[in-house]
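# Overview (structure and organization)
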Amino acid sequence: MSKTENRGTQRAVFGSRFAAIAATVGSAVGLGNIWRFPYEAGAHGGGAFVLCYLIFAFLIGVPVLIAEFVMGRGTRSNVLGAYRKLDPHHPWYWAGYMGIVGSMLILGFYTVVAGWTLEYCIESLFGMLDFSTESAGHDQFVKLTHGWHPVIWTVVFALCNFVILLRGVSKGIERLSNIMMPVLFVILLVFCVHSFFLPGFEEGCSFLFKPDFSKLTPSTLLGALGQAFFSLSLGLGCMITYASYFTEKTRLAQTAVTTMILDSAVAILSGIIIFPAVFSFGLSPSAGPTLVFEVLPNIFYRMAGGGIWSTLFFLLLFIASLTSTISLSEISISFFTEEKKLGRKRSTALSCGITLIISLLCALSMGPWQNLTLFGKNLFDLLDYVASNIIMPLGGMICSIFVGWCIERRFISDQLTDNGRNRFIWLRPLVFCLRWICPAAIFIIFLDSIGAI
Ligand code: PFF
């Protein structure tokens, strides 16, 4: 941890370039890569989806990520403060409020799913998961995600999140990311090597990597674009907040590209882990959101040492979820600390308290309150829908338009060249993407997500 003088104010920073990248990648890599990506790819026919996802992550995700970085490090502020500092005369800062609310809504359902991962990890560690028959995986999932189970595990996960956050930006986040991100990669690689020896390896890989362009429908394109946004933690101001802790030495564009590459690599690796297993055991790749929780443990339990594999896999998911929930919480904590002057501990308690209430309501909506619905969705599904399909695309679009059109080009180039110390030759294409390509593409996702097209 280190504190540096930034324009007269003491503010924590990520100590090294590696720490900045580890924290950013830690935020990006989460349930979105390991749980959501495989089931989305499976549901959209594999290769064509994966290709589109990679193109969107690079062409749209990277520019928006750079835009958030420029805002964050350029202002050294929380999401709301960043908009306000850059344009005090217009109400752009409402996008900041939207990001804060969005982050709490995402935390609401994300914590519940993260709680499942912890429950699966612990239960499988103690050999308490039963996957002895075909339907056992499904039965187990139903048992674990209904009744009071989710409530208990949601609280346990939320407590882990709270304790780490309480230890502060650099101590908590930096240390966790520095240790856990490399562990995550190692465990993923071990799993990939294991996958290589499965009979369905070739079939799984060709499903994942051979694009079948007949499957390229508008819904595949839009699904891939949405996945790129969710996976790169864009649109809520999360990356604005993290970039506000970068040092002057952190190269923004390089960090953005590295984050995109590592984030996509984790998604692809989890595809390589999951699809060969799916094909080896004659299961369906389009099992949907239950793919990881229902199908994989079933597979692990038919493997030699399955209990260990299962425990490791869910531990991996738990770690990945934790580094993402930390970044989601940091959006509101930095807001309470800087805008409301509450102090780190109180801000953390307030942020975690509010999100715990939302998460508990979500967890209950998966169990005892299952029948309470609004617009045909229970609270869990409703929050997921509103946050992921409306707030994130809208926030990403506003950020892209704001940086593309409203911020002085000089300010952007100063950030990207580190005040003229380095060269950055991509300024024009970047601004072009931010002005035109990103808003247009995000607008299309948005229309799709509200069912307008
Ligand atoms: N990118 C995370 C994942 O893939 O699981 C989820 C996420 C984290 C979304 C932080 C938004 C955010 F601000």
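Residues numbered from 1 in each chain as written. Predicted model: local features only at pLDDT ≥ 70, side-chain atom pairs only at ≥ 80, totals over all residues. Heavy atoms only, no water.

We now examine the overall build of the protein. On a plain count of helices and strands, the protein comes out with 18 helices and 2 strands. The C-alpha radius of gyration of the protein comes to 21 Å, within 12% of the 22 Å expected for a compact globule of 453 residues. In the protein, of all internal contacts separated by at least 6 residues, the share reaching a separation of at least 24 is 81%. Here the protein has roughly 17,600 Å² of accessible surface; of this, 67% comes from carbon and sulfur atoms. Side chains of the protein carry 30 positive and 25 negative charges; the gap between the two charge centres is 13 Å. (Helix = DSSP H or I, 4+ residues; strand = E, 2+ residues; numbered from the N terminus. Rg over C-alpha atoms; globule rule 2.2 N^0.38 Å. Contact = heavy atoms within 4.5 Å. Areas by Shrake-Rupley, 256 points an atom, 1.4 Å probe, with all protein chains shown as cover. Lys, Arg positive; Asp, Glu negative; His and termini not counted. Charge placed at Lys NZ, Arg CZ, Asp CG, Glu CD.)

Glancing now at the site of the ligand. Every one of the 16 residues lining the ligand counts as a neighbour, but Ala28, Gly32, Tyr110, Phe230 and Ser233 are closest to it. In this structure, serine 231 approaches the ligand through a main-chain N or O atom, which is 3.1 Å from a nitrogen atom. Coverage of the ligand by the protein chains reaches 100% of its 340 Å² of free accessible surface. Those elements that place two or more of their residues in the shell around the ligand are α1 (17-28), α2 (31-43), α10 (218-231) and α14 (306-338). (Near = heavy atom within 4 Å. Polar contact = N/O pair within 3.5 Å; in protein donor to acceptor, adjacent residues only side chain to side chain.)

Moving on: the packing of aromatic side chains. By convention here, two paired aromatic rings are described through the distance between centres and the angle between planes. Under the defined criterion, the tally for this structure stands at 32 aromatic pairs. For the pair tyrosine 83 and phenylalanine 402, a centre-to-centre distance of 4.9 Å together with 55° between the ring planes defines the contact as tilted. With a gap of 319 residues between them, tyrosine 83 in helix α4 (residues 79-86) and phenylalanine 402 in helix α16 (residues 379-406) connect regions that are remote in the sequence. Neither tyrosine 83 nor phenylalanine 402 differs from the other in exposure class; each is buried. When the ring of tryptophan 116 is compared with that of phenylalanine 141, the centres are 5.4 Å apart and the planes differ by 80°; the resulting orientation is edge-to-face. Residue tryptophan 116 is found in helix α5 (residues 94-125), and its partner phenylalanine 141 is found in helix α6 (residues 136-145); the two are separated by 25 residues along the sequence. Residue tryptophan 116 is classed as buried on the basis of its relative accessible area, which comes to 5%. The class for phenylalanine 141 is buried, based on a relative accessible area of 11%. One aromatic cluster is present, built from ring pairs that chain together Phe109, Trp116, Tyr120, Phe141, Phe191, Phe293, Trp309, Phe313, Phe314 and Phe380. A cation over an aromatic ring shows up here: arginine 36 above the ring of phenylalanine 230, its NZ or CZ 5.2 Å from the ring centre. Sitting over the ring of tryptophan 405, arginine 435 keeps its end group 4.2 Å from the ring centre. (Phe/Tyr/Trp six-rings, centres within 6.5 Å; stacked < 30°, edge-to-face > 60°. Buried < 20%, exposed > 50% of the residue type's maximum accessible area, 1.4 Å probe, protein only. Lys NZ or Arg CZ within 6 Å of the ring centre and 35° of its normal.)

On to the pattern of salt bridges. In this structure the tally under the stated criterion is 7 salt bridges. Residues aspartate 418 and arginine 73 are paired through a salt bridge, measuring 3.1 Å at the closest nitrogen-oxygen approach. Within this pair, whereas aspartate 418 is found in the loop between α17 (409-416) and α18 (427-449), its partner arginine 73 is found in helix α3 (residues 47-75), the two being separated by 345 residues in sequence. Here the two residues aspartate 418 and arginine 73 agree in accessibility, since each one is buried. For arginine 84, the salt bridge is made with glutamate 339, and the minimal N-O distance between the two is 3.0 Å. Remark: glutamate 339 occurs in the loop between α14 and α15 (344-366) and arginine 84 occurs in helix α4; sequence separation between them is 255 residues. The class of arginine 84 is partly exposed, set by a relative accessible area of 31%. Salt bridges sharing common partners tie together Arg73, Arg251 and Asp418. (Salt bridge = Lys/Arg side-chain N within 4 Å of Asp/Glu carboxyl O.)

Okay, a nonpolar patch on the surface next. Together, Leu51, Ile55, Phe58, Leu59, Phe213, Leu216 and Leu221 make up an exposed nonpolar region whose accessible area comes to about 610 Å². Of all the elements, α3 adds the most residues to the nonpolar patch, at 4 residues. By the element assignment, phenylalanine 58 lies in helix α3. (Patch = residues over 30% accessible without salt bridge, like charges linked within 9 Å, V, L, I, M, F, W, Y side chains within 5 Å.)

Turning to helix α7 (residues 149-166), a few remarks are in order. Over its 18 residues, α7 extends 26 Å from the first C-alpha to the last, a length consistent with the 26 Å expected when each residue adds 1.5 Å. Of the residues making up α7, those classed as buried are Pro150, Val151, Trp153, Thr154, Phe157, Ala158, Asn161, Ile164 and Leu165. Just past α7, the residue glycine 168 takes up positive phi, approximately 95°. (Expected span 1.5 Å × (residues − 1).)

Inspection of the secondary structure assignment puts serine 233 in the loop between α10 and α11 (238-243). Polar side-chain contacts of serine 233 include one of 3.0 Å to the side chain of serine 27. With residues up to four places along the chain from it excluded, the contact list for serine 233 reads Ser27, Ala28, Cys238, Met239 and Met392.

Attention now goes to the nonpolar core. Counting residues in each nonpolar core, the largest one holds 147 residues, and the members touching the most others are Met71, Ile106, Phe313, Val403, Ile412 and Leu416. When residues of this core are assigned to their parent elements, the largest contribution, 16 residues, is made by α5. Those residues in contact with isoleucine 106, other than ones at most four positions away along the chain, are Phe230, Leu236, Leu328, Ala387 and Met392. (Core = buried A, V, L, I, M, F, W, Y, C linked by side-chain atoms within 4.5 Å.)

Attention now goes to unusual backbone geometry. Most peptide bonds are trans, and most residues other than glycine sit at a negative phi. Located in the positive-phi region is aspartate 418, a residue other than glycine, with phi close to 55°. You will see that asparagine 419, though not glycine, has its phi angle at about 55°, which is positive. Within the element layout of this structure, asparagine 419 appears in the loop between α17 and α18. Of the residues examined, asparagine 419 reaches a relative accessible area of 51% and is grouped as exposed.

Quick look at the confidence of the model for the protein now. Per-residue confidence for the protein gives a mean pLDDT of 87, with 93% of residues at or over 70. Overall, residues 1-9 carries pLDDT values under 50, and its contacts beyond four positions in sequence, including any with other chains, amount to 19 contacts. (pLDDT = per-residue confidence, 0-100.)

Where α5 meets α7, the closest approach of the two axes is 8 Å, and the angle between their N-to-C directions is 95°. Here α7 runs roughly perpendicular to α5, going by the angle between their axes. Packed against α5, whose contacting residues are Thr111, Val112, Ala114, Gly115, Trp116, Leu118, Glu119, Ile122 and Glu123, the element α7 presents His149, Pro150, Trp153, Thr154, Val156, Phe157 and Ala158 at the interface. When the residues that make up the contact of α5 with α7 are grouped by side-chain class, the tally is 10 nonpolar, 4 polar and 2 charged. (Axes fitted to C-alpha atoms, helices over the stretch in contact; angles between N-to-C directions. Parallel < 35°, antiparallel > 145°, perpendicular 65-115°, else oblique. Nonpolar A, V, L, I, M, F, W, Y, C, P; charged D, E, K, R; others polar.)

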